[in-house]
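The lines below spell out each chain.
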Amino acid sequence: MRTMVIAAIVAGITAGRGQVPDLANHTIVDLTHSYGASTVFWPTAETKFTLQKLAHGQTPGGYFYAANAFCTPEHGGTHLDAPNHFSEAGRTTEKIPLEQLVAPAVVIDVTPRAAADRDYRATADDVTQFEKAHGRITRGTIVLLRTGWSRHWPNAKAYLGDDTPGDASKLSFPSYGVEAARLLVEDRGVAALGIDTASIDYGRSTDFQVHRIAAARNVPGFENLTNLDRLPPRGALVVALPMKIEGGSGGPLRAIALVAR
Ligand SMILES: [Zn+2]
């Protein structure tokens, strides 16, 4: 039944038949960390998120007025990796088809393995075991890897494994393994790879193979997601919309999921 409802929502959105999704029967889950002073960035990021107050208070006209300017690297907080991040020919942020950003999702849970080994990399076997239990992952699915890591947010040392400024050589956190990424991207043809850690490559990676495998097929990444424990293994509809930066290699991402009640 849930699958049918989601299918109806997807059909309503993609077919443009004027059907309004039945939100009364769905929970909307926020998959996004808010941007602020404690937002976690890669240790080598030269700047972080900053909010500059331009106006805040009563005006001579007798009304309140507030406005800010913000500045942020593309790759920090909950954000998109555009294919161009690791492929010169890959799509930049504004060119990613919306069908890769709004799609049914599956959630592969490796929380116990990541808890036992913070350098855990999800294997092809994790993917096939998921499929045995929940069905084959079909083309155009958004895959979310759940490691339980957002419980560490925003403690950068716990989350990244090391928070030495300017040094990314001692990072330690779980993510996708190369064979799992190949299976999902090259064989299953997934829309996107999402993760509740800082990167779709594990922390110890120095060659970023998962990023390169995904980028080569124009598959974007969603990083630093949260609340993946509130999603079912299959049946959620993910809406992951980045700031539409022309020529961007990524960007801040507002990701939510619709889950049937
Ligand atoms: Zn990134």
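Higher on the page you've got the structure.
Just so you know, these numbers come straight off a predicted model, no measurement behind them.

(A) The overall build of the protein, seen in detail. Within the protein, the regular secondary structure consists of 6 helices and 12 strands. Dimensions of the protein, computed from C-alpha atoms along their principal axes, come out at roughly 65 × 50 × 35 Å. Classification of the 261 residues of the protein by burial places 47% in the buried group. Expressed as a percentage of contacts within the protein between residues at least 6 apart in sequence, the contacts between residues at least 24 apart total 74%.

(B) Looking closely at the coordination of the zinc ion. Taken together, the protein donors to the zinc ion comprise His 75 (ND1), His 79 (NE2), Asp 81 (OD) and Glu 223 (OE), at separations of 1.8 to 2.5 Å. The coordination sphere of the zinc ion comprises 4 donor atoms, whose angles at the metal cover 74 to 165°; the geometry is irregular. Within one chain, the residues serving as donors to the zinc ion are arranged as H-x3-H-x1-D-x141-E.

(C) Up close: the side chain of Glu 223. Mapped onto the fold, Glu 223 is located in strand β10 (residues 221-223). Although Glu 223 lies buried, it forms no salt bridge, and the closest oppositely charged side chain, Arg 212, sits 13 Å away as judged by the N-O distance. A polar contact of 3.0 Å, which involves the side chain of Glu 223, links it to the side chain of His 211. In contact with Glu 223, other than residues within four places in its own chain, are Gly 77, Thr 78, His 79, Asp 81, Ile 195, Thr 197, Ala 198, Ser 199, Ile 200 and His 211.

(D) Fine view of the packing of helix α5 (residues 178-187) against helix α6 (residues 209-216). At a closest axis distance of 9 Å, the pairing of α5 and α6 adopts a crossing angle of 10°. As far as their axial angle goes, α6 and α5 are roughly parallel. Mapping the contact onto sequence places Val 178, Ala 181, Arg 182, Val 185 and Glu 186 in α5 and Gln 209, Val 210, Ile 213 and Ala 214 in α6. Partitioned by chemical class, the residues of the contact of α5 with α6 number 6 nonpolar, 1 polar and 2 charged.

(E) Region of interest: the environment of Thr 147. With respect to the secondary-structure elements, Thr 147 resides in the loop between β7 (142-146) and α4 (156-160). When residues no more than four places from it in sequence are discounted, the contact partners of Thr 147 are Val 110, Thr 111, Ala 114, Pro 174, Ile 195, Asp 196 and Thr 197. Here Trp 149 takes part through its backbone nitrogen, which lies 3.1 Å from a polar atom of the side chain of Thr 147. Among the polar contacts listed, one links the side chain of Thr 147 to the side chain of Asp 196, at a separation of 2.6 Å.

(F) Structural view of the pairing of strand β12 (residues 250-260). The buried fraction of β12 is high, at 9 of 11 residues. The pairing of strand β1 (residues 26-30) with β12 spans 5 bridges and is classified as antiparallel. Residue Thr 27 lies in a different strand from β12, and its bridge partner there is Val 259. With 3 bridges connecting them, strand β4 (residues 79-81) and β12 associate as antiparallel partners. Opposite His 79, over in β12, you have Pro 252 as the bridge partner. Here strand β11 (residues 234-242) runs beside β12; their pairing, made up of 6 bridges, is antiparallel. Residue pairing across strands places Val 239 opposite Ile 256, the latter belonging to β12.

(G) Highlighting the layout of surface pockets. Size it by volume and the second largest pocket reaches roughly 220 Å³. Surrounding the second largest pocket, 18 residues form its lining, Trp 42, His 75, His 85, Ala 198 and Glu 223 being those nearest its centre. Broken down by class, the residue content of the lining of the second largest pocket amounts to 8 nonpolar, 8 polar and 2 charged.

(H) A look at the pattern of salt bridges. For the structure shown, the criterion picks out 10 salt bridges. Residue Arg 204 pairs with Asp 119 through a salt bridge whose shortest N-O separation is 2.9 Å. Taken together, the residues Arg 204 in the loop between β9 (192-195) and α6 and Asp 119 in the loop between α2 (111-116) and β6 (121-122) connect sequence positions 85 residues apart. On the basis of relative accessible area, Arg 204 is assigned to the partly exposed category, the value being 47%. The closest approach of N and O atoms between Arg 136 and Asp 187, which form a salt bridge, is 3.7 Å. Of this pair, Arg 136 sits in the loop between α3 (124-134) and β7 while Asp 187 sits in helix α5; the two residues are 51 residues apart in sequence, bridging distant segments of the chain. Residue class for Asp 187 comes out partly exposed when judged on its relative accessible area of 43%. Several salt bridges share partner residues, and in doing so they unite Glu 131, Arg 136, Asp 187 and Arg 188 into one network.

(I) Structural view of empty space enclosed by the protein. All told, the structure shown has 1 cavity of 30 Å³ or more when counted by the stated rule. One number sums up the size of the largest cavity: a volume of about 60 Å³. In terms of lining residues, the largest cavity is bounded by Asp 81, Ala 82, Pro 83, His 85, Phe 86, Ile 200, His 211, Ala 214, Ala 215, Val 219, Pro 220 and Gly 221. Considering every element that reaches the lining of the largest cavity, the biggest residue donor is α6, with 3 residues. Per-class residue counts for the lining of the largest cavity are 8 nonpolar, 3 polar and 1 charged.

Calculation criteria
Residues numbered from 1 in each chain as written. Predicted model: local features only at pLDDT ≥ 70, side-chain atom pairs only at ≥ 80, totals over all residues. Heavy atoms only, no water. Helix = DSSP H or I, 4+ residues; strand = E, 2+ residues; numbered from the N terminus. Buried < 20%, exposed > 50% of the residue type's maximum accessible area, 1.4 Å probe, protein only. Contact = heavy atoms within 4.5 Å. Donors = N, O, S within 2.8 Å, 3.2 Å for Na, K, Ca; no water. Tetrahedral: all angles 85-135°; square planar, octahedral: opposite > 155°, others 65-115°. Lys, Arg positive; Asp, Glu negative; His and termini not counted. Salt bridge = Lys/Arg side-chain N within 4 Å of Asp/Glu carboxyl O. Polar contact = N/O pair within 3.5 Å; in protein donor to acceptor, adjacent residues only side chain to side chain. Axes fitted to C-alpha atoms, helices over the stretch in contact; angles between N-to-C directions. Parallel < 35°, antiparallel > 145°, perpendicular 65-115°, else oblique. Nonpolar A, V, L, I, M, F, W, Y, C, P; charged D, E, K, R; others polar. Pairing = 2+ DSSP bridges. 1 Å grid on protein atoms, 1.4 Å probe; cavity = no way out; pocket = protein on both sides within 12 Å on 5 of 7 lines; lining within 4 Å. Points joined across faces, edges and corners; volume = space filled by probe spheres on them.

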